[in-house]
Structures are given as structure tokens and as C-alpha cells.
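One letter stands for each residue in the lines below.
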Amino acid sequence: MGAFSRPFAWLYGAALCQLFASQCVNAQDNDTSWHQYVRAPSSNVVKPKVILDSYTSGTITNPEGLVTGSGVTTFTREGNGAEIPTVVLDFGQNIVGLLEIDFASSTNASDGFPGLRLYFSESLEFLTNRSDFTRSDNAGQGDGNPPKIVTSGTDQIAVKNEPYVWLDQWGCEFGSQVCSDGLHGFRYMKIELDALAEDAPYASPYGEITINSISLQWSGYLGTPDSYSGWFECSDADLTQWWYDGAYTTEMCTDIFRDNDTEPRGASSPSLLGKWVILDGAKRDRDPYMGDLAVAALTSYLSHDFHEASRNVMEDLAQHQRDDGWIPPASINNYALPLFDYPLWWVACSWDHVLHTGNLSYIESYYPTLLKVLDTYYTAHTDATTSLLVRQSGYGDYAFLPRDGSATYYSALYVLALTRAADLASFVSQLDDAARWRDRAANVSAAIISNLWDAEAGAFYDRRCSGSGCSAHAQDGNSIAILAGVTSAPTNSSNNYAESALGYLENATARPYGHAFYDAGGEELGQGFSERVYPFISYFETAARFESGLADSAVAQLRATYGHIAAEDPGITMWEGVGANGSKYEGAFTSLAHGWSTGVTPLLTTYVLGVRPLKPGFKEWTVRPLPSSDLTWAKGVVPTPYGPLSVQWQRNQSDGQLVVSVVPPPGTNGTVVVPVIQRGESISARSDDDNHLEGQVIDGTVVFRIEGGRKYMVS
């Protein structure tokens, strides 16, 4: 994996504190106050935390030994009619990896070794008579390879009589009998001394089994504090914790691509085997999807500065580009899953990658891919009359939505991709391409407004059509239209499209657990759509709120969604989707550790701390904190190829003005932007060598241009 630099030592201390009229944020050398929020296990060996006594039944000696390590634990079942010895282990939080059991011995009571059945679940709600999910649930489809080796929803063991260590790997002990599915993402595990009837004569539901210990071999990226090269902390402890919960969720999804624990529906790929990737979920589907990287890769860049995993995914998908320019969304279905939007996410995520890593050789290598996807594939699926994209027949999108035709989401995402592609073209001196793509983005933006704006609702239609579902307004199209600059396009209208659309979403989609991805009109497309929250899509709405100067409502949306997820079982890790009344939206199948739902992490760094790159690798950057009115301070570090970029701000209690301190790395330059708040004194900036800087007043802010390598204070 390679070494990762430690977070930058804060250099401010007492001098900074003297500027504040009241309580000072401690920003000392070697600041480690944020370590308390890190969720990763301390090592690759993870032990259970507690026995859930209410589930314990049957004859078990010293069940607590499985947690405390004090002595062996013995399960005994003497014969027919005896209660099944059962125990449930709680590992304290969602984890991922291979279960390991150290057996001391077993004694047969009938033909066959005494059997164990193992049940895994991310939440107690779905720890039933089967695991919430096993790999075999998705196996045996298509060409049937790999086969569905587990039909019971449990992993089976025929426990040998002698001492040995069993590792839960995919496969069967005896031909096609006594099988286990291998790697699991889970918090809870139920163990029973029992056996399937179809596993006879090799495994028996009777006998005695003695266990020395149970543990898990951690599979994901081990995000201990020393692995963090970026960090965040603010005056709201919940927001701070969720930043690290997002990082931990992505750590669980960051793994080596292996044949026997990835998505079984035709996803195994020789070009990915042995490489670090960011999978969509820890439990399922365990395939690296392109769209998910729009959030998960940012979380990885800003916490661990680990570029390799996302780059491997983007390069692999680019290398599987079709002749017509289409880029597959993932390796699933042998790179043939028909999604219409994910090639655009490849463009957008390539921009993120270059901006955060400075890896220009990546876009130089895949510039022909960029040309082909934008100038061949999407031009072939553009309505010549409206200039809007028309979804290819038979194709889906991130949620497999039944919305053929010209959806706002597709065309708005197209504008975002064209704008970012133009930046990438400029970075590698392809100026004609940059100009052409910017012109096309402007034309599509105007087409979105003229064809898809619903003046009565004050928001964009999901689609402009006639028939079922055509009255709907969707979160995705409205949010991405704002971020792509569609709502800033020149028109003859004085309408504030962004403010209007965000106001509509607030009124029509707000739920106690976040904003739904459709208004009531979405029910015609799918039952429960107006109650379903996708944190993935909510990321873009929250970003649009910050960008539109609505920080209070942005943070309120974060608190609704992530507060609900954090308060529900399993806690900590972030759900793939939230359904009606705050439920897991697809029941037991729902992934409760999904990287695309970790948007709270990049949102807090980008907007509350206020740091973002403007040129590749943060060669040029900006610091512009946009906190909600109830936040009083924030501090953190953003990793860059030039070194850490450290920021701290605090709100002056007397007048609300932000006092900002920035330590940018040498070799970079950027701007510090602070809002102008009415007060008698002017805003000034000074470097640590006592050099006074002049600011420029622009649109209600004061902008200071500074060079890296020194410490600066704006107050």
C-alpha cells in the first residue's frame, strides 16, 4: 500500500488565540484531538465486543470466553429434541473480512462431524433464519459461474476432532457439501451447533465443539490515525464524527480485487485481480462502480490521499470502452451492464482525480477516451431538435429508473461533464476541444431551461413528456443543474432558478431523515420514490445549497440524513439508501456500508473548512469557508502533492466575522475568501513574517491572494 504522511502539525498556538475575544480553539503542534473520532480497528485482527445474552440458548459452557479470551467455550447438543446451542456475537460496529475460528476439539455424537452454522448481518433486524446477504444470493446467474454453493443463507462447517484454525473462504469441504460463502460485511454473527440435512453424512447437528477463539481478518483499508493525511474537526461533535464515519465506510469498501469475494454476476476480471479498488459496498455488490466514485473517491482523497484505488477503477473502465464510445459502469456482466449516465461520471471523476492528485499523465493517456465518449457516444444520443440527451433504449442509470427520453438529470450531468472536460482539455493544451465543449455545454444549458423548466412549480421537470410520471420533479436533475451552472446560463428571465429549485425541493421532498429523490409525482414511476432518500444524490443537493449561499439548510440536510443513519442499527457506517419512515430501503439486501453515501466527508472539507483545488494537484487553490450560522470554529488539513494545506477558522463572537488562518504548502498559490460583515474595522491579512496583504472586495467578500510556504492570518 505504501506509506502515508501524517497530518500536518498545526503551527498557530498562543498567537492565534490572542486574536479571539473568547474561547480559543486549541491548534497546537502535533494536533491529535481528532484521533478520538477514528473508527477503524487498531489492527487487522478484529475481536467480538460482546455477547448478546438474550439470544443465547442451549447448552454452552463459558460463552463469554469468546469475547474475554478467558478459557475455552464449549457447545454441546446430545440428541434429537435438545435445544440448539446458539450464541450471537456483536463486533461493536460494521466490519469486513474473513471470519477465523480456532477450534480446540470436537466430539462426534453420530455419523459425521458436529456442524456449525454461521449467520451474518449488518443489523439485528435482519439476523433471522439466514444471513442478511451471502454471495450465493447473487450467484448462479447467466452462465452459472460461479455457482450458487450456499442455498441456506448460512455458512457451514463440519468441525474436525483435532485442533485446527478454520478460515471462512468461499468453497465446500466435501464436494458440493458443507459450503461457506467466504468474506462478509457484518456487525452481528449468530453461531449454532447444527447442520443442514443435505450435508449428511459429513456434518451432524449433534455432538460437542470446543472453541479457543473467534476473530476476523480485516480485509479493507486499515484506516488507523497514522494513515490519515487529511483530517477535519469543528464545533459540532456530531458533524465531526460523521466526517470520520464517512472515511471509515469508504475504508471498508477499499480493498484488493479478488476473484472469490467480488460480485458473482460476471464481475471477476483479470485486468483488476490483485489491484486496489473502491468497491460500491462492503457487503454487496462488491464491484467497483464508476458513479459511486463521484463521492467515494473524494472521501478517499481527502482522508487518506489514497489515489491508487480510484485510478485503477477509472483506468480499467476506460480500457474497456466500446467502439461507439460508451464506457461500462463496472466489470459486472462482463463489462456490459447498460447504464446511460455512468460514462459521464467517468468524465466528472477524471476531473476530480486530476484536480486532487495532479496526475496529468492520467488524462494525457486517456484523452482519446474522453474525446470518444463525448464526441461519438453522446452526440449519437442527442435530440437534434432540442439538443437534449435521449437515453439509449434498454439502458438504465444509477437507480435503474424507468424514465426513458430526455431527463433533466442526463442533460444536466452532460453539461457538468462537458464543463469539466473543457478544463481537462485546457490542462493539456487542447484549447480547441475546450472551446467546443464549453460552447456545447452552453447550448445544452439553454435547452434544459427552455424545455424542462416548470414555471408553475419553480423547478425542473424530471422529464418533459406526456403520460405516467411526467409531472414528477427529481432531486438529481435539479441539484446537478445548479452545480453544472445550468441555472447561471444567460436567459431573458430574471428568475433565480437555483434558489427557486432548492426552495421547491425543500418544500416537496423533505422528510425527517433527509430529502427524497422525487416529489409526489415520482410515485407514478415507482412506489415509495417520494419517500426514498439516496445519500448519493443528496450529496449534490447539499453541495448546491452551499454553492447557493444556503449553508444553514445544507447543514440541516446533513443532520437529518446522517443523524438518522447514525442513530439506527448498525450505527457508524452509511446506508446505500433510506426508505419509507427511515427504513433500510431494500430490506436485508440494503448495503449498510456504501461508499457513495459518504458525501458528508467531502462536503465538510470543501464547504465548512472551505478548501478546494482550482488547478491540478492544488497548484492553485481557494479557501472559502461557508459554515452554517451555528458553527463557531473548524480546523483541518487537506493533503496535496505539494504537502499538507492547513486551515483553521473561528467566528468572532462580537460581530460574527470569520478569523481564518491558512498554512499552504510551498510551490502553490491561492486565495482566501471571507464574507464582509458590517463592522467598524476593516478586514486585513498578514503573514507570519509580518507582511501586510491587501484584499479585493468582490460580491460581498474580501479576497486575498497568497503564496504557499508561509502562515497567513485573515482577521
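Residues numbered from 1 in each chain as written. Predicted model: local features only at pLDDT ≥ 70, side-chain atom pairs only at ≥ 80, totals over all residues. Heavy atoms only, no water.

Chemist: An account of empty space enclosed by the protein is needed here, citing residue identities and associated values.
Modeler: If a probe the size of a water molecule is rolled over the atoms, the empty space left behind becomes visible. The final tally for this structure, using the stated rule, is four cavities of 30 Å³ or more. Put simply, the largest cavity is a space of about 130 Å³. Forming the boundary of the largest cavity are 14 residues, of which Phe 133, Arg 135, Leu 183, Lys 283 and Arg 286 lie nearest the centre. Split by residue class, the lining of the largest cavity holds three nonpolar, four polar and seven charged. (1 Å grid on protein atoms, 1.4 Å probe; cavity = no way out; pocket = protein on both sides within 12 Å on 5 of 7 lines; lining within 4 Å. Points joined across faces, edges and corners; volume = space filled by probe spheres on them. Nonpolar A, V, L, I, M, F, W, Y, C, P; charged D, E, K, R; others polar.)

Chemist: Give a detailed account of the packing of helix α7 (residues 342-357) against helix α9 (residues 367-377), specifying residues and quantitative values.
Modeler: Orientation of α7 relative to α9, taken along the N-to-C sense of each, is 140°, at an axis distance of 11 Å. Overall, the two elements α7 and α9 adopt an arrangement that is oblique. For the pair α7 and α9, the sense of crossing is left-handed. Residue-level inspection shows Pro 343, Leu 344, Trp 346 and Val 347 of α7 in contact with α9, the latter providing Thr 369, Leu 370, Val 373 and Leu 374. Here the residues of the contact of α7 with α9 are counted per class, giving seven nonpolar, one polar and no charged. (Axes fitted to C-alpha atoms, helices over the stretch in contact; angles between N-to-C directions. Helix = DSSP H or I, 4+ residues; strand = E, 2+ residues; numbered from the N terminus. Parallel < 35°, antiparallel > 145°, perpendicular 65-115°, else oblique. Left-handed = near helix turned anticlockwise from the far one by under 90°. Contact = heavy atoms within 4.5 Å.)

Chemist: If you had to explain the pattern of salt bridges to someone new, which residues and values would you point to?
Modeler: This model, assessed by the stated rule, comprises 39 salt bridges. A salt bridge links Glu 125 to Lys 584; the nearest nitrogen and oxygen atoms lie 3.5 Å apart. Placement of Glu 125 in the loop between β6 (113-121) and β7 (155-158) and of Lys 584 in the loop between α15 (551-567) and α16 (600-609) is noted, with a sequence separation of 459 residues between them. Lys 584 gets classed as buried once you look at its relative accessible area, which sits at 9%. In this structure, the salt-bridge partner of Asp 569 is Arg 187, at a minimum N-O distance of 3.8 Å. (Salt bridge = Lys/Arg side-chain N within 4 Å of Asp/Glu carboxyl O. Buried < 20%, exposed > 50% of the residue type's maximum accessible area, 1.4 Å probe, protein only.)

Chemist: Which residues make up α9, and what values do they have?
Modeler: Along α9, the residues that are buried comprise Tyr 367, Thr 369, Leu 370, Val 373, Leu 374 and Tyr 377. Where α9 is buried, its residues touch α5 (308-319), α7, α8 (360-365), α10 (408-427) and α11 (431-452).

Chemist: Just give me the short version of the state of the cysteines, but keep the residues and values in it.
Modeler: Taken as a whole and assessed by the stated rule, the structure comprises two disulfides. Disulfide pairing places Cys 172 opposite Cys 179 at an S-S distance of 2.0 Å. Looking along the S-S bond of the Cys 172-Cys 179 disulfide, the torsion reads about 100°, which is the right-handed sense. Taking relative accessible area as the criterion, Cys 179 reaches 4% and is therefore assigned buried. Put simply, Cys 465 and Cys 470 are joined by a disulfide, and their sulfur atoms are 1.9 Å apart. When the S-S torsion is -115°, as for the bridge of Cys 465 with Cys 470, the disulfide is left-handed. Judged by relative accessible area, which is 11%, Cys 470 ranks as buried. (Disulfide = S-S within 2.5 Å.)

Chemist: Run through the sheet that holds strand β14 (residues 231-234), naming residues and quoting values.
Modeler: Pairing is antiparallel across the open sheet formed by seven strands, whose spatial order is β14-β23-β24-β25-β31-β27-β28. What marks the edges here is a single partner per strand, and that holds for β14 and β28 (692-693). Pairing of strand β27 (residues 685-687) with β28, which is carried by two bridges, proceeds in the antiparallel orientation. The residue bridging Arg 686 from the neighbouring strand is His 692, located in β28. Along the sheet face, α16 touches β14, β23 (633-638) and β24 (645-651) and points at about 115° away from the line of β23. (Pairing = 2+ DSSP bridges.)

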